[in-house]
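In case you want the letters, here they are:
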Amino acid sequence: MKQWMCGPCGLVYDEALGMPEHGLAPGTKFEDIPDDWECPDCGVTKADFYLIPD
Ligand SMILES: [Zn+2]
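Residues numbered from 1 in each chain as written. Predicted model: local features only at pLDDT ≥ 70, side-chain atom pairs only at ≥ 80, totals over all residues. Heavy atoms only, no water.

**Description of the pairing of strand 1 (residues 3-6)**
Consideration 1: Residues Trp4 and Cys6 point to one face of strand 1 and are all buried, whereas Gln3 and Met5, pointing to the other face, are not buried.
Consideration 2: In the sheet, strand 1 pairs with strand 2 (residues 12-14) via three bridges, with the strands oriented antiparallel. Bridging from a neighbouring strand, Gln3 pairs with Asp14 of strand 2.
Consideration 3: Between strand 1 and strand 2, which pair antiparallel in sequence order, lie five residues; one of them, Gly10, sits at a positive phi of approximately 85 degrees.
Consideration 4: Relative to strand 3 (residues 49-51), strand 1 is paired through three bridges, and the arrangement is antiparallel. For Trp4, the partnering residue across the bridge sits in strand 3 and is Leu51. (Buried < 20%, exposed > 50% of the residue type's maximum accessible area, 1.4 Å probe, protein only. Helix = DSSP H or I, 4+ residues; strand = E, 2+ residues; numbered from the N terminus. Pairing = 2+ DSSP bridges.)

**What about the coordination of the zinc ion?**
Consideration 1: Coordination of the zinc ion by the protein comes from Cys6 (SG), Cys9 (SG), Cys39 (SG) and Cys42 (SG), over a distance range of 2.2 to 2.3 Å.
Consideration 2: In this structure, the zinc ion is surrounded by four donor atoms whose angles at the metal cover 104 to 116 degrees, and the resulting shape is tetrahedral.
Consideration 3: When the donor residues of the zinc ion are listed from N- to C-terminus, their spacing reads C-x2-C-x29-C-x2-C. Here Cys9 is found in the loop between strand 1 and strand 2, whereas its partner Cys42 is found in the loop between strand 2 and strand 3, with 33 residues between them in sequence.
Consideration 4: For Cys9, a relative accessible area of 34% corresponds to the partly exposed category. (Donors = N, O, S within 2.8 Å, 3.2 Å for Na, K, Ca; no water. Tetrahedral: all angles 85-135°; square planar, octahedral: opposite > 155°, others 65-115°.)

**So, the environment of Glu38**
Consideration 1: If you trace the backbone, Glu38 turns up in the loop between strand 2 and strand 3.
Consideration 2: The class of Glu38 is partly exposed, set by a relative accessible area of 49%.
Consideration 3: Residues Glu38 and Asp48, spaced 10 residues apart in sequence, show a C-alpha to C-alpha distance of 9.8 Å.
Consideration 4: Other than its neighbours up to four places away in sequence, Glu38 contacts Gly43, Val44 and Thr45. (Contact = heavy atoms within 4.5 Å.)

In short, geometric facts, not functional conclusions.
As structure tokens, this is what we get:
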């Protein structure tokens, strides 16, 4: 499981935790999130997230 960070606002998406309150079940891989999903904090799309190195 990986973690991804939103470039503009710094929100972290943790694949292991998902984001149940935003429709993403725990264990949802970033690549499986719909392309039209938006950061719940700032509204950018997946393209503006980057992988957090281990
Ligand atoms: Zn954001």
